[in-house]
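Survey of secondary and tertiary structure
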Amino acid sequence: MLKQIEGSHAMAEAIALCRPEVICAYPITPQTHIVEGLSEMVRDGHLRGCEFINVESEFAALSVAIGSSAAGARTYTATASQGLLFMMEAVYNASGLGLPIVMTLGNRAIGAPINIWNDHSDAMSVRDAGWIMLFAETNQEAVDLHIQAFKLAEELSCPVMVNVDGFILTHAVERVDIPDQAQVDAFLPPFDPVQVLDPANPVSMGAMVGPDAFMEVRYLSHHKQMQALDRIPEIAAAFKERFGRDSGGLIRCYRCDDADTIVVAMGSVVGTLKDMVDDRRDAGDRIGVISIGAFRPFPLDEVRHALMGARRVVVLEKALAVGMGGILASHIRMALRGHPTKVYTLIAGLGGRPILKPSLNAFMDRVEAEPHYDVHFLDLREDIVEAEIARMAAERRSGPIAENVLRRVAATAQTTL
Amino acid sequence: MNQMTNQTVKFYQTGTLTVGNRLLDPGQRTVQASEERANAITCGHRACQGCGEALGARYAIDAALKAAEGNLICVNATGCLEVFTTPYPETSWQVAWMHSLFGNAAAVAAGVAAAQRVKGRDHVRVVAQGGDGGTTDIGFGCLSGMFERNDDVLYICYDNEAYMNTGVQRSSATPGGARTATTPAVGDAPGNVFGTGKNVPLIAMAHNIPYVATASVADLHDLEAKVTRAMGIRGARYIHIMVPCPLGWGSASHDTIRLARLAIESGLFPLFEAEHGMVTASRPIRRKVPVTDYLKPQKRFAHLFKPDNPHGAAALARLQAQADENCRRFNLLRAAEEGK
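Residues numbered from 1 in each chain as written. Chains lettered and ligands numbered in written order. Predicted model: local features only at pLDDT ≥ 70, side-chain atom pairs only at ≥ 80, totals over all residues. Heavy atoms only, no water.

**Describing the overall build of chain A**
Threshold: Segments assigned H or I by DSSP are reported as helices when at least four residues long, segments assigned E as strands when at least two residues long, and all are numbered from the N terminus. Throughout, radius of gyration means the C-alpha value; the globule benchmark is 2.2 Å times the number of residues raised to the power 0.38. Only protein chains enter the accessibility calculation, which uses a 1.4 Å probe; a residue is then buried when its area is under 20% of its type maximum, exposed when over 50%, and partly exposed in between. In this analysis, two residues are considered to be in contact whenever any of their non-hydrogen atoms come within 4.5 Å of each other. Every accessible area reported is derived by Shrake-Rupley at a probe size of 1.4 Å, with residue values counting cover from the shown protein chains alone. We count Lys and Arg on the positive side and Asp and Glu on the negative side, and we leave His and both chain ends out. Note that the charge is assigned to NZ on lysines, CZ on arginines, CG on aspartates and CD on glutamates.
On a plain count of helices and strands, chain A comes out with 15 helices and 16 strands. For a compact globule of 417 residues, the expected C-alpha radius of gyration is about 22 Å, and chain A comes in at 22 Å, within 12% of that figure. Considered along the principal axes of its C-alpha atoms, chain A spans approximately 70 × 55 × 50 Å. Looking at the 417 residues of chain A, the share that counts as buried comes to 55%. Taking as baseline every contact in chain A between residues at least 6 positions apart, the subset at least 24 positions apart corresponds to 79%. Accessible area of chain A: about 17500 Å², with a carbon and sulfur share of 55%. With 38 positive and 53 negative side-chain charges, chain A shows a separation of 4 Å between the mean positions of the two kinds.

**Topic: the environment of leucine 17 of chain A**
Residues and elements named next belong to chain A. Along the chain, leucine 17 falls in helix 1 (residues 7-17). On the basis of relative accessibility, which here comes to 11%, the residue leucine 17 falls in the buried class. Sequence separation of leucine 17 and glutamine 183 is 166 residues, and the distance between their C-alpha atoms is 9.3 Å.

**A short note on helix 9 (residues 256-266) of chain B**
Residues and elements named next belong to chain B. Listing the buried residues of helix 9 in full gives Thr256, Leu259, Ala260, Leu262, Ala263, Ile264 and Ser266. Buried residues in helix 9 make contact with helix 1 (52-67), strand 5 (211-216), strand 6 (237-242), helix 8 (246-249), helix 10 (291-295) and helix 11 (312-329). Once helix 9 ends, the next one or two residues include glycine 267, with phi positive near 95°.

**A word on the pattern of salt bridges**
Residue and element names in this part refer to chain A. Condition: One side-chain nitrogen of Lys or Arg within 4 Å of one carboxyl oxygen of Asp or Glu is enough to make a salt bridge.
Within this structure, the stated rule accounts for 44 salt bridges over all chains. The partner of lysine 274 in a salt bridge is glutamate 137, and the shortest N-O contact between them spans 3.0 Å. One end of the pair, lysine 274, is in helix 10 (residues 269-282); the other, glutamate 137, is in the loop between strand 6 (132-135) and helix 7 (139-156), with 137 residues separating them in the sequence. Classification of lysine 274 by relative accessible area gives partly exposed; the value is 27%.

**Examining the confidence of the model for chain B**
Basically, it comes down to this: Confidence of the predictor at the level of single residues is given by pLDDT, which spans 0 to 100.
Of the residues in chain B, 92% reach a pLDDT of 70 or more, and the chain-wide mean stands at 92. Interface confidence for the predicted complex, expressed as ipTM, amounts to 0.95; the pTM equals 0.95.

**As for the interface of chain B and chain A**
Note the following rule: Joining two parts hides part of their accessible area as seen by a 1.4 Å probe, and the buried area is that hidden amount summed over both. Think of a polar contact as two N or O atoms within 3.5 Å of one another; within protein, one of them needs to be a possible hydrogen donor and the other a possible acceptor, and neighboring residues in sequence only count if both atoms come from side chains. Polar here means any residue other than Ala, Val, Leu, Ile, Met, Phe, Trp, Tyr, Cys and Pro, which are nonpolar, and Asp, Glu, Lys and Arg, which are charged; Gly is therefore polar. Any two strands between which DSSP finds at least two bridges are classified as paired.
Residue-level contacts link 42 residues of chain B with 38 residues of chain A. Carbon and sulfur atoms supply 63% of the area buried between chain B and chain A, which totals about 2900 Å² over both sides. Viewed at the interface, chain A and chain B are joined by 3 salt bridges. The partner of arginine 149 of chain B in a salt bridge is glutamate 56 of chain A, and the shortest N-O contact between them spans 2.9 Å. Taken together, chain B and chain A are joined by 15 residue pairs in polar contact (both at pLDDT 80 or more). Contributing elements (two or more residues each) for the side of chain B that touches chain A: strand 1 (72-76), helix 2 (80-85), strand 2 (96-99), helix 3 (105-118) and helix 5 (140-148) of chain B. Take the side of chain B that touches chain A: its biggest share by element is 10 residues, from helix 3 of chain B. Grouping the constituent residues of the side of chain B that touches chain A by class yields 22 nonpolar, 15 polar and 5 charged. As paired elements, strand 9 (residues 204-205) of chain A and strand 2 of chain B share 2 bridges and run parallel to each other. When the sheet's bridge partners are listed, serine 204 of chain A is paired in strand 2 of chain B with tryptophan 97 of chain B.

**Some thoughts on the sheet that holds strand 6 of chain A**
Residues and elements named next belong to chain A. What counts here: Lines fitted to the C-alpha atoms define the axes, with helices restricted to the stretch that makes contact. Angles between their N-to-C directions range from 0 to 180 degrees.
Reading across the sheet, the 7 strands line up as 3-2-4-5-7-6-13 and stay open at both edges, with mixed pairing between neighbours. Of all strands in the sheet, those bounded by a partner on one side alone are strand 3 (51-54) and strand 13 (294-296). Looking at each pair of strands side by side, their axes are set apart by 20° on average, direction ignored. Sheet topology note: the strand 6/strand 7 (residues 160-165) ladder contains 4 bridges and is parallel. For leucine 134, the partnering residue across the bridge sits in strand 7 and is valine 162. The sheet contacts of helix 9 (residues 214-243) involve strand 6 and strand 13, and relative to strand 6 the element is tilted by about 35°.

**Notes on the pairing of strand 5 of chain B**
All names here are of chain B. Let me state the cut-off plainly: When the strands point away from the viewer, a crossover counts as right-handed if the path from the first strand over the helix to the second runs clockwise.
Counted residue by residue, strand 5 has 6 buried out of 6 residues, so it is predominantly covered. Here 6 bridges tie strand 5 to strand 6, and the two strands are oriented parallel to one another. Across the sheet, the residue bridging to valine 212 is tyrosine 238, located in strand 6. Regarding the hand of the β-α-β motif, the stretch spanning strand 5, helix 7 (residues 220-231) and strand 6 is right-handed. As judged from the 2 bridges shared by strand 5 and strand 7 (residues 272-275), these two strands associate in the antiparallel manner. Bridge pairing links valine 212 to alanine 274 in strand 7.

Written out as structure tokens, the structure is:
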């Protein structure tokens, strides 16, 4: 059913349609509206047969989810940013134990300085934790990915994280097609766990493993993720067959067929990039965009294949590996190893900085001039950082960098006035 | 229905003071008295000789299993109990058992309990267990959350008063003056700093949960009774069991029970029960012993007894004062007074 609805509430409705049995949550911006919506549905009886548990921390939220999933209940939780980092130990644990928990990550920057706005720093911090990581471009896709996520998680017995850009998707009100219960029931069978805590058939889960087996366990985690490279597109195809929509999949190419420049990105920024591509195509530029739908497992082969025809690749990413550069870009370079394709890293939108078409166009116009091994920060206030670097060199002090930068921003604003 | 294979347990000793008090009337016998007991933790695990925790856990979980008629799921925090029972691919647990992390046993158990509720399996009961480190320190937030939500979980803390699994470091359950690897017996105030630490049974009571108790491996009959009592109640329950650690305490393996008993009889470890925040029962001390009787056989307190330690006497006096305060607070000496 088509609805004009906030992204978070649309996701909450989709999750409810998946008939979760245990939902646990701790409030953290910007995922709060999702679990608020779910708690209301549990309370008012729309979501029957579900326990909603308010916990004292994100660490407890995922820990409760670990317990309920291990005991055979379909389990959902959501988090963001600092919350994800606070539950980090349990994030690894859930995947190590092979528990098919579905978690929404309302993507948000990580402090300090504290910042509630969107980027992908949080997701990138758990990229090696053994979770399948899907990224939604739109709220429609966020809805659809959650339904696919439960299926994927339970088939592979592996946790799945659905990444949705904080505020940009979670708080945006737009038209979304919410499936009906019969459609979802036909697509997603009831949870049939492969191993469950059951007094009638007791097992020990989470035993201590030494050097004699740990490598093999890790290898098998890797193998499981590689299996998802097949299952993700298959599930997306099955989804399309049942719901009539293209949603999900490993990567999505837009106007890439004859492109000599391809922009690679993840999440909601792909919408802006498609717009930019359309404009530049109109101006005769052979440009396309690829959206990475599954960051883990990373579809190296698909990416390589899709980028093979391009002369240059611009990787736009909303996260920074401090001291190294682009995270997604290093993946793309890996996919293109042995090929002469130039890869440019464009860090954009950190901490919610708007990613604007004029800035993108300006960058694309002079991308050839950029040394391709360097990292470019979109709309970085170079006057500010240079002044601050000079001051730090002169005064030799650390401390509240953010406050100093803000002071300079204010000072610059006054002089320009 | 429980299909767990009960194994016939061999008894090597007989007599009133041995396992399960089989010379008592059948009605008074403990779970361990039956050769057909559940034996939740099988023999062959890798605990140290004289391990109080291995003994306490077996009695507690067997009693819980009996009370739950076999329908029990156990959750374990990281720690000695987890490590010595489950070196993969072996497991000593005959009961459905799960270990997740050091600090989240209470929350994982809450999740397991939620799954039982939602699946309509209300007869399946949940026990969480951890050492004092996993309970009073790193797992304290999750434990408090479990209490506060009144989750239907019995949490059992096996208290050996330090982080024994990692090499005897101080926890917030370590007594004042005790030497640990991180509270060495050097300096002006050797051993653990006085006036620190937590009393988690009292903190549990402050959450107004239905049932809180302390127990000890010195009185296994009492321990079983308390576990059984706790299993008869729904909601959040907490039992704090003192389990001496020969390795960490520097005591003889054969002294585990004796030391646990001296801890009770000196007043340092009061045995009591509380319901909804009020103490409802405490076990009186018949013949109170000085704390030095309890402290002296343990190497972790040896520095307090050195004649050249100018602070030893003061530390011993403080420990004695704590014991006396416990006696007053929990009215432990009433039996002795009644006997006068």
